[in-house]
Every structure is written in C-alpha cells, then in structure tokens.
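# Inside the fold
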Amino acid sequence: MEKVQAIPNLELKVARELLQVYGSPLYVYNGDILRQTISHITKAINYPQTKFHFASVTNGNIALLKIFKAAGWGLHANTPGDIYLGLNAGFSPSDIVYSGSNLNREEMSQVLDWGVTTLNLDSISQLRLLCEVFLSHAKAQRRKEKKLNIGLRLNVSEDSRIGVTTTDFSEAISITSTVGLKITGLHFYRGTGTNATTAFTDVIDNVLETAKKLPDWEYLDFGGGFGYPYHHQGAAFNWELFGNELSWRISNLGKNIDLIIEPGRAAIAGCATMLAKVVSVKWQGEKQIIGVDTTVANLSVPSVHGGYREIVTWKNSISENYITDICGNTTYSRDYLGKNCQLPALEIGDIIAILDVGAYGYAMSSHFLHRPKPAEVLLENGTHRLIREREDYSILLNNQIV
C-alpha cells in the first residue's frame, strides 16, 4: 500500500494517484479523522451508563462500521437492512438498537429472529404487531427467555409523523402486559441535522418528566438528528455543552437509567471526500460551467439532506476566482453538485474535491439515469485500500429477466 497524506489536506499528487489506482469518481474516507470524531463525541458525555450507537442509515459500508465497533460503539438501525449490515460487520444483536417504523409481520419476525432485543416503536399498531409476533412465532418460548427492551418513540411535534404521545402510554402498557412484556424505554428524536445545541438541551427536563410516566422506565434513548456544519463558518453542534447538561440532569434523577445516544451524520460526515475529474468547461458570460464525471445521484438528495457541500480544487490559491457551477454528467436539468461556487478557471483533467460527503452520500446514491456507482477507498495510518468496488454497467441488469 502507498503512503498518503490525510484528507482534507490531501496533496494533488496523492489525489492523482488515488484516481489512477481506483478510477474516477471516487469516495475517499479517512479512518484517522473518523476515529478522532468518534473519540471527541464519546468523551463529551461523561454519564457512566452511556452507550453510543452509530446510526448506520447515514453510511452502511462494512469497513466503516467495523471502526465504530472497534471503538466500543453499538449500532442504531432504522430498518432490517441496517441490522443485516451490522450483523455482517460483527455487531452482536444485543449491541443493535432498532428504532424504525412500519415493519410488516415478516420483517418484525425477522428482527426478532436475528436476536435484536431493544426495539423503539413509533405506533400502537407496531407495538401490537410486535406482541403478536412474540407470542405466535414458533420460537416464542425461546424468545421469552430473552428480555426484550421495548421503548416508545416520542412524538415531539404535530408536524412529525414519528412517534406516540403520552396519551398512548396507558394503552401501550396494557398491550405489552398481556404478553408478559414491559415498556422500559423512551426514545426522543429531535429531527434531522439540527446544529442548534439548545434545541436539545432545552427539552431535556421535559423529556425526563415524560419518561417518568412509564412505571417500568429503565433507559432513555436521546436519539440522533445531531447536525454537521457543512457551511464551515456556520453554527456547529456543541457536544461538550450537550453532554454536560444531559449528564448532570440524568445523574440527579435519583435512579439508575441507561442512556443511549445515536450519532450518525455528526460522526461520519466530515471524514469523507468525493474526488472527480473535470471533463468539460464552458463559459456563459462571466460564469464558468464545469462538467465533471460524477452526478448528483452519487450524493444525498438535496431536498432531503441539504444540497450544499463545499467544493475545492488544487489550483493556485492566488488565481482569480469566478462564479462557477459544477454540473454532473447527466442531462437532468437539476444535476448540479454546486452552484455559484467561487473557483479559479479550470481545465479538462483538473480534479475537484467535494467535502463532507460521509453521511447520506453513497448511502443515498442511486442508478438514476443509469450511471453505475463509484468505488470507495479507506485511508488509514498513511495507507489506502479499496472498501467497495466500482460498479460497471452490468449492475443495471441485476435481477432483470432478459
């Protein structure tokens, strides 16, 4: 393996080497940066009964999941697919927390068959289904020997489809008690990608008071939704402030409560860069229109997880900058990877770097307009290795009956 310098301070010669070895476009993850971020978040919460679970909805690459496992984190699963990836990454079922919605009977049965024992459910109907599956399945007797930790996802806004309200608590307790189970947890989810620390700290007391209404309360899952500052000069989530506030309040409850924290985007966004090559240059007056060999389909859906990602090049910093649009290699009219960027005049063959693509990048990529997906590479301790192969056009025929 070749020696490399760490991203984001990646030298041009190394970027060229990576593209020469692995092709373009290319996802590049820095394992050293990822470990530093994991350590920073872990140390920010000093409450002793805290367990961190990585929200793999943001990135399901097995090599990256193994880094979280080695750091002592568990996994947070939104879907059965998250659980499947986690098990293949070596996570124990007991280290996986499921917090999803709208499973059908077969999926609910599969989750229990995999041995997952902590489930946060977001509706009374899903709770009923869990209890029915728990009782009726052929392995029900063996399952009863394993304690199930059942939590309710708390609805925090009338605009949110997620969760139940306190008016549902009594019915939920009654449903579970009929099959010998208990509601032991409360799951709080603030929302997606929130950078305002006060949005979390201001509700701690209310969440704790709500949890106290569960007579068998044993754990609090304070969820995810922790943001990442894609605009590097903008507001960033303050993990130390959040950790101090939450730890102090839980420590003064007068009872032992297990705390679960589910960082996703905040943990993994900043460790990844997408490299791409310039394949076309044209000018519309004073605006530079750059065509590259990747597409918006290889990044998160802008309407869902934000469209802005900082784009940089290795051109001389003293060069004059121009208003620049970075366009993908499809005819989709909204295929912009960046609009109105300030970049120097570029040439065919130049390399651009799209920063902070670790979360909802590859995980939300698609075959829209029938482009195969890029490869993924991991940098660790000054070396690089392939962690996902580049697709070719044959992928487009998978499962088709020709």
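Look up a bit, the structure's there.
Report follows, based on the coordinates.

Analysis parameters
Residues numbered from 1 in each chain as written. Predicted model: local features only at pLDDT ≥ 70, side-chain atom pairs only at ≥ 80, totals over all residues. Heavy atoms only, no water. Helix = DSSP H or I, 4+ residues; strand = E, 2+ residues; numbered from the N terminus. Rg over C-alpha atoms; globule rule 2.2 N^0.38 Å. Buried < 20%, exposed > 50% of the residue type's maximum accessible area, 1.4 Å probe, protein only. Phe/Tyr/Trp six-rings, centres within 6.5 Å; stacked < 30°, edge-to-face > 60°. Axes fitted to C-alpha atoms, helices over the stretch in contact; angles between N-to-C directions. Left-handed = near helix turned anticlockwise from the far one by under 90°. Contact = heavy atoms within 4.5 Å. Nonpolar A, V, L, I, M, F, W, Y, C, P; charged D, E, K, R; others polar. Polar contact = N/O pair within 3.5 Å; in protein donor to acceptor, adjacent residues only side chain to side chain. Pairing = 2+ DSSP bridges.

## Notes on the overall build of the chain
In terms of helices and strands, the chain carries 13 helices and 17 strands. Radius of gyration (C-alpha) of the chain: 23 Å, near the 21 Å computed for a compact globule of 402 residues. Projecting the C-alpha coordinates of the chain onto the three principal axes gives extents of approximately 70 × 55 × 40 Å. Counting only residues that meet the buried cut, the chain has 52% of its 402 residues in that class.

## Topic: the packing of aromatic side chains
Following the criterion strictly, the structure yields 20 aromatic pairs and no others. Considering the side-chain rings of Tyr-84 and Trp-114, the 6.4 Å spacing of their centres and the 40 degrees angle between planes classify their relative orientation as tilted. Remark: Trp-114 occurs in the loop between α5 (105-113) and β5 (118-121) and Tyr-84 occurs in helix α4 (residues 80-88); sequence separation between them is 30 residues. Considering the side-chain rings of Phe-188 and Phe-222, the 4.8 Å spacing of their centres and the 45 degrees angle between planes classify their relative orientation as tilted.

## Structural notes on the packing of helix α10 (residues 204-211) against helix α11 (residues 239-251)
Relative placement of two packed helices is described by the angle separating their axes and the distance separating the axes. Here α10 crosses α11 at 35 degrees, and the two axes come no closer than 10 Å. The two elements α10 and α11 cross, and the hand of that crossing is right-handed. Facing Ile-204, Asp-205 and Leu-208 of α10, the residues of α11 in contact are Glu-245, Leu-246, Arg-249 and Ile-250. Grouping the constituent residues of the contact of α10 with α11 by class yields four nonpolar, no polar and three charged.

## Describing the side chain of Thr-50
Assignment of secondary structure puts Thr-50 in strand β2 (residues 50-55). On the basis of relative accessibility, which here comes to 18%, the residue Thr-50 falls in the buried class. Of note is the side chain of Thr-50, whose polar atom sits 2.7 Å from the backbone oxygen of Tyr-47. Setting aside its immediate chain neighbours within four residues, Thr-50 contacts Ile-45, Leu-259 and Ile-261.

## Regarding the sheet that holds strand β7 (residues 183-188)
Reading around the circumference, β2-β3-β4-β5-β6-β7-β8-β9 is the order of the eight strands in this closed barrel, with parallel pairing throughout. Between one strand axis and the next, the sheet turns through 25 degrees on average, direction left out of account. By the bridge criterion, three bridges tie β2 to strand β9 (residues 258-261) in an arrangement that is parallel. Its bridge partner lying in β9, Phe-52 is registered against Ile-261.

## Observations regarding unusual backbone geometry
Of note, the bond from Ser-24 into Pro-25 is cis; its omega dihedral lies within 30 degrees of zero at 0 degrees. Along the polypeptide, Pro-25 turns up in the loop between α1 (12-22) and β1 (26-30). Backbone geometry places Asn-102, a non-glycine residue, at a positive phi of 60 degrees. The residue Asn-102 is located in the loop between β4 (96-99) and α5 in this model.

## Looking at the environment of Phe-134
Here Phe-134 lies in helix α6 (residues 124-136). In sequence terms Phe-134 and Gly-31 are 103 residues apart; their C-alpha atoms lie 40 Å from each other.

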